[in-house]
Amino acid sequence: MIKVTTLDRREIILNAELIERLESVPETVITLTSGKKVLVTQTVDEIIDRVIAYRRRVLQPASTRDEVE
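As the structure is a computational prediction, the values presented were derived from the model and not from experiment. (Residues numbered from 1 in each chain as written. Predicted model: local features only at pLDDT ≥ 70, side-chain atom pairs only at ≥ 80, totals over all residues. Heavy atoms only, no water.)

A. Representation of the pairing of strand β3 (residues 19-24). Bridging between β3 and strand β4 (residues 28-32) involves 5 bridges; their strand directions are antiparallel. Looking at β4, one finds that E23 is bridged to V29. Connecting β3 to the next strand, β4, in antiparallel fashion are 3 residues. (Pairing = 2+ DSSP bridges. Helix = DSSP H or I, 4+ residues; strand = E, 2+ residues; numbered from the N terminus.)

What follows is the structure, encoded as structure tokens:
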């Protein structure tokens, strides 16, 4: 899950596994696998960084995760 901010400044949490596509037109449009589109204030690069960080946390072995926290 990643945190993003909608254009009306609401903070929402998206399931990063359901992101199908990112577009910059000039705001960032996140298209989910369901076809739903979400417009956010973050740039495409910021979303990519958040998805990568999320996946690193998920894939990190539990023993290593305990040491970091």
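From this point on, the discussion continues.
B. Representation of the pattern of salt bridges within the structure. Using the criterion set out here, one finds 5 salt bridges in the structure. We note a salt bridge from D8 to R10, for which the minimum N-O separation is 3.1 Å. One continuous salt-bridge network, built from bridges that share partners, spans R21, E23 and K37. (Salt bridge = Lys/Arg side-chain N within 4 Å of Asp/Glu carboxyl O.)

C. Focus on helix α1 (residues 44-59). Its 16 residues place the ends of α1 22 Å apart at the C-alpha level, agreeing with the 22 Å of an ideal helix rising 1.5 Å per residue. Along α1, the residues classified as buried are I47, V51 and Y54. Seen from one end, α1 has its buried residues packed into an arc of 60 degrees, which puts them on one side. Across α1 from its buried face, at more than 90 degrees, point the exposed residues D45, D49, R56 and L59. Tucked inside the fold, the buried residues of α1 contact β1 (2-5), β3, β4 and β5 (37-40). (Expected span 1.5 Å × (residues − 1). Buried < 20%, exposed > 50% of the residue type's maximum accessible area, 1.4 Å probe, protein only. Arc of directions from axis to C-beta. Contact = heavy atoms within 4.5 Å.)

Function cannot be inferred from these measures alone, as they are strictly geometric.
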